[in-house]
Amino acid sequence: MPNAILDPTGTVTTSAAKPATTRAPRRASLNGARVGLLINTKTNARPFLDEVGRLLTERFGVTVTKRTKTNFAVPEPDDIIKEMARESDVVVTGVGDCGSCSAAAAADGVVLEAAGVPVAVIVTDSFRATTDAMAALRGAPGYQYAVTAHPVAVLEEDQVKARAAQILDDVVALLTQQGNAGE
Amino acid sequence: MTASPAPAPAPDPDEAQRAIEYCYEQGWSDGLPLVPASKPLVDQFLATTDKDPDEIIGSLEQVGRDCTVYLAAVNAAMAGCRPEYFPVVLAAFEALMRERAARGGGFQSTSGPAPLIVVNGPIRQQLGFNTAGGAFGPGFRPNMTIPRAIGLMVRNAFGIHPHVFEQATQGVPGRWSICVAENEEESPWQPLAADGGAGGGVSAVSATLTRTMEFVDNRHAPNPEDVLRDFQDTISRIGSQIFPKSAVALVLCPEHAQMFASAGLSKADVQNWLLERAGRTVGEFRRAGKAEVTSRRFGPPGAAGAGHDDGPPRPDEEFHPILSGPQSIPIIVAGAKNAAISMVVRIFGEWSGTSVPVGEKK
């Protein structure tokens, strides 16, 4: 018998590897909802999410709580996720516009969903592949998120606001309708 | 006793090619042929260390993957390392995983950062590292295969694949191939490993992630201060700056290092000279479209003030120093003493400032 060629790949072994997670139940509407904004500190992420929050307040009378990610490159710690799940009915996070932060945004989204909070993750279209890969790794293949055109960091203030307005319907749909995931 | 043994039959090239193609088909390769690893070969690697094969030597929590001693050995064998290199691979990986940026999103980054691995001590001669000319390679098996092993561990053990979790825009040229054995014999100063706390004369490895590098070719100036100003100019370039503070490693050629030392400068003197002067004015950053770098709106992950833009705007004429402390300017001496050409290596994040002794089998 010849020797086998050994496999150099590892398997998913740590706590991040979870069986398929559930998507949180969606609200019928956002009227009066508590909206958590999880701002990932990338350039223009704050004005982008601020404007999304402002428009949601205008349209649905939501109340907004803002948080800044402790490290844009990695998923939020469990205790922050728990706090957000307590204080928010829905969460909007982004803007994923880099390799690590888009994946981290997807991870935060999937973990918050499992805690029962509908999430609208916003990433730029350059980072679909890594966002999809992270969602699948966290047990949510096909996870739905909102996409805006790359780049966001170079936009002027009024352009950022226009982008936020453009993506608003997608955000509302993600937070209030059952998507395909988990069906 | 038998008579002189018959010569070993030449290996079967067709079988070797099939094995190499098999490895490609599994998606294990970085693009170059792999050495197909078998249990007898990997056992030789594992025999060089006291560590348990199942010991976890690094984790990337965000992707839920661990690297064990066993996986390190398989990937090192596939990278073309000899078994006796394995303790250096383990030390290099440990040193790299001490870097905050490596544990965070570094391997996924659009910067596509390259590890800079620096080897010190007698292991350099024992394993045949290149310690002389052509310090950044190629041509020498340990210098080339050890960083490749690290790259394969990231790919295979951590599952960071290009276009998926690896999102490099262009990436650093020479990624996974940069392993410098310090030219201690022609250095006027203590080795980097001693700066990293491993002690002098000890075989040890230091590592950091880098995001681009550039020559300082200054072979005619007789005055060390002129040469320092040349370094200052290159270090201060705005192009790669994206955070308020950054770090650079200086890989000095022996000629530059000896010139500084002859003028009575220690490593700390060189570091402090540059620390004070490397940077540009706020106006220069602004005119290059990089005003953000001089504000605190966007800092490295977790940095104090990251994500906040507090305080009044700074005046254009105010000088913005870019280096944060002596530790942000590690100095290494490498290459041949044949021309005064050194390298400014931009660090991704900041060097941990620690070196890892090469483990010995007890």
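Every chain is numbered independently, its residues counted from 1 as its sequence is written. Chain letters start at A and ligand numbers start at 1, both assigned in the order the entries are written. Where local features are concerned, this predicted model is filtered to residues with pLDDT of at least 70; where side-chain atom pairs are given and counted, the filter is 80 or more; whole-chain, interface and lining totals use all residues. To get the side-chain values, all heavy atoms of the structure are used, and hydrogens and water are removed first.

Engineer: Can you help me understand the interface of chain A and chain B in this one?
Structural biologist: Reports often express the size of an interface as the amount of accessible area lost when the parts come together. At the interface, 36 residues of chain A touch 39 residues of chain B. Sorting the residues of chain A by area buried against chain B places I5(A), L6(A) and P8(A) first, and these three jointly supply 24% of that buried surface. Counted as salt bridges are all cases of a side-chain nitrogen of Lys or Arg within 4 Å of a carboxyl oxygen of Asp or Glu. The tally of links from chain A across to chain B stands at 0 salt bridges. Any pair of nitrogen or oxygen atoms within 3.5 Å is treated as a polar contact; in protein, a donor-acceptor pairing is required on top of that, and neighbouring residues in sequence qualify only through side-chain atoms on both sides. For the pair chain A and chain B, the number of links is 7 residue pairs in polar contact (both at pLDDT 80 or more). Think of it this way: any DSSP run of H or I at least four residues long counts as a helix, any run of E at least two long counts as a strand, and we number them from the N terminus. Those elements that place two or more of their residues in the side of chain A that touches chain B are α3 (99-114) and α4 (128-137) of chain A. Whether two residues touch is decided by their heavy atoms; if any such pair falls within 4.5 Å, the residues are in contact. Put simply, buried area is how much 1.4 Å-probe accessible surface two parts lose in total, over both of them, once they are put together.

Engineer: Looking at this structure, I do not really get the packing of helix α3 (residues 69-79) of chain B against helix α4 (residues 86-97) of chain B. What am I missing?
Structural biologist: Helix-helix packing is characterised by the crossing angle of the two axes and by the distance between the axes. All names here are of chain B. Comment: axis = line fitted to C-alpha atoms, over the contacting stretch for helices; angle = value between 0 and 180 degrees taken between N-to-C directions. It is the contact of α3 with α4, at a shortest axis distance of 10 Å, that shows an interaxial angle of 120°. Considered as vectors, α3 and α4 are oriented oblique to each other. Remark: the crossing between α3 and α4 carries right-handed chirality. Where α3 approaches α4, its residues V69, A72, A73 and A76 are matched on the opposing element by F86, V89 and L90. Charged means Asp, Glu, Lys or Arg here, nonpolar means Ala, Val, Leu, Ile, Met, Phe, Trp, Tyr, Cys or Pro, and polar covers whatever is left, Gly included. Across the contact of α3 with α4, the residue classes tally to 7 nonpolar, no polar and no charged. An angle below 35 degrees is treated as roughly parallel, one above 145 as roughly antiparallel, one from 65 to 115 as roughly perpendicular, and anything else as oblique. If you view the pair so one helix is near and one far, a crossing is left-handed when the near helix is turned anticlockwise from the far one by less than a right angle, and right-handed when it is turned clockwise.

Engineer: Looking at this model, I keep getting lost on the confidence of the model for chain A. Mind explaining?
Structural biologist: Detailed reading of predicted coordinates is not advised where the pLDDT is low. The predictor reports its confidence for every residue as pLDDT, a score running from 0 up to 100. Here chain A shows a mean pLDDT of 91. Residues at 70 or above account for 92%. Here residues 178-183 of chain A scores under 50 on pLDDT; set against residues more than four positions off or in separate chains, the count is 8 contacts.

Engineer: How should I be thinking about empty space enclosed by the protein in this particular structure?
Structural biologist: Sizing a probe to match a water molecule and rolling it over the atoms shows the empty space that remains. All names here are of chain B. Using protein atoms alone on a 1 Å grid, points that fit a 1.4 Å probe yet trap it form a cavity, whereas open point sets bounded by protein on both sides within 12 Å along at least five of seven lines form a pocket; residues with an atom within 4 Å of a point count as lining. Grid points are joined across faces, edges and corners, and a volume is the space filled by probe spheres set on the points. All chains considered together, the criterion is met by 1 cavity of 30 Å³ or more. The calculated volume of the largest cavity comes to roughly 50 Å³. Every element with two or more residues in the lining of the largest cavity is listed here: β3 (114-120) and β5 (204-217). Broken down by element, the lining of the largest cavity gets its largest block of residues, 3 residues, from β5. Residues of the lining of the largest cavity, tallied by class, amount to 8 nonpolar, 2 polar and no charged.

Engineer: For this particular structure, what's the right way to read the pairing of strand β10 (residues 341-347) of chain B?
Structural biologist: Along a regular strand, successive side chains alternate from one face of the sheet to the other. Residues and elements named next belong to chain B. The buried label applies to any residue whose accessible area, calculated with a 1.4 Å probe on protein chains only, is under 20% of its type's maximum; exposed applies above 50%, and partly exposed to all values in between. Taken across its 7 residues, β10 has 6 buried, putting it largely inside the fold. One requirement defines pairing of two strands: DSSP has to find at least two bridges between them. Bridge count between β5 and β10: 6 bridges; the pairing is antiparallel. Considered in β10, the bridge of V216 is made with S342. Pairing of strand β6 (residues 247-252) with β10, which is carried by 5 bridges, proceeds in the antiparallel orientation. Bridge pairing in β10 links A247 to I347.

Engineer: How should the nonpolar core be read in this particular structure?
Structural biologist: Nonpolar side chains tend to gather and get buried jointly when the protein is soluble and globular. Remark: nonpolar core denotes a set of buried residues (Ala, Val, Leu, Ile, Met, Phe, Trp, Tyr, Cys) joined through side-chain atoms within 4.5 Å. In terms of nonpolar packing, the biggest core is built from 66 residues, with C67(B), F86(B), V88(B), V89(B), F107(B), I150(B) and F158(B) touching the most fellow members. Looking at this core element by element, the count peaks at 10 residues for α4(B). Every residue in contact with F86(B), bar those within four places of it in the chain, is listed here: F45(B), L46(B), T48(B), T49(B), V69(B), A72(B), A73(B) and A76(B). Counting residues in hydrophobic clusters, the runner-up holds 29 residues, among them I39(A), V95(A), I167(A) and V172(A).

Engineer: What am I meant to see in the pairing of β5(B) here?
Structural biologist: All names here are of chain B. Strand direction decides the pairing type here: β3 and β5, joined by 7 bridges, are antiparallel. Paired with V118 across the strands is S206, a residue of β5. The pairing of β5 with strand β11 (residues 356-357) spans 2 bridges and is classified as antiparallel. Bridging from a neighbouring strand, A204 pairs with P357 of β11.

Engineer: Can you walk me through unusual backbone geometry in this structure?
Structural biologist: Only a minority of non-glycine residues have a phi that is not negative, and only a minority of peptide bonds are not trans. Residue and element names in this part refer to chain A. Of the consecutive residues G94 and V95, the connecting peptide bond is found in the cis state with omega at 5°. For the bond from H150 to P151, the omega torsion is -5°, close enough to zero to count as cis. Along the polypeptide, P151 turns up in the loop between β5 (146-148) and α5 (157-176). Here the phi dihedral of N44 falls at roughly 75°; this positive angle occurs in a residue that is not glycine.

Engineer: Would you take a moment to explain the sheet that holds β5(A) for this structure?
Structural biologist: Strand pairing in a sheet relies on backbone hydrogen bonds. The paired strands run either parallel or antiparallel. All names here are of chain A. Taken in spatial order, the 5 strands line up as β2-β1-β3-β4-β5 in an open sheet, and their pairing is parallel. A strand with exactly one partner marks an edge of an open sheet, and here the two such strands are β2 (63-68) and β5. Strand-to-strand twist in this sheet, taken as the mean axis angle between neighbours without regard to direction, amounts to 20°. Here 3 bridges tie strand β4 (residues 119-124) to β5, and the two strands are oriented parallel to one another.

Engineer: When you look at the environment of T131(B) in this model, what are you seeing that I'm missing?
Structural biologist: All names here are of chain B. Turning to its location among the elements, T131 is positioned in the loop between α6 (123-127) and α7 (141-157). As a C-alpha pair, T131 and E186 span 55 residues in sequence and 9.8 Å in three-dimensional space. Setting aside anything within four residues of it in sequence, one finds T131 in contact with R124, Q125, A181, E182, N183 and G335.

Engineer: What exactly am I supposed to notice about the side chain of D97(A) here?
Structural biologist: All names here are of chain A. Its place among the elements puts D97 in the loop between β3 (90-96) and α3. Here K42 takes part through its side chain, which lies 3.1 Å from a polar atom of the side chain of D97. When sequence neighbours within four positions are dropped, the list of residues in contact with D97 reads K42, T124, F127, H150 and A153.

Engineer: Help me understand the packing of aromatic side chains in this model?
Structural biologist: Working definition: an aromatic ring pair is given by the centre-to-centre distance plus the angle between the planes. In summary, the pairing rule links any two rings of Phe, Tyr or Trp, Trp by its six-membered ring, whose centres are within 6.5 Å, and it sorts them by plane angle into stacked for under 30 degrees, edge-to-face for over 60 and tilted for everything else. Following the criterion strictly, the structure yields 5 aromatic pairs over all chains and no others. Each ring, one from Y22(B) and one from W28(B), has its centre 5.9 Å from the other, and the planes form 75°; the classification is edge-to-face. Accessibility expressed as a relative area gives 5% for W28(B), which makes it buried. Measuring from ring centre to ring centre gives 6.0 Å for F93(B) and F158(B), while their planes differ by 40°; the resulting arrangement is tilted. Of this pair, F93(B) sits in helix α4 while F158(B) sits in the loop between α7 and β4 (179-181), and the two are 65 residues apart along the sequence. Both residues of the pair, F93(B) and F158(B), count as buried. Taking NZ or CZ as reference, K42(A) lies 4.9 Å from the ring centre of F72(A), over its face. Charges are assigned to positions over rings by a cutoff of 6 Å between ring centre and Lys NZ or Arg CZ, combined with an angular limit of 35 degrees from the ring normal.

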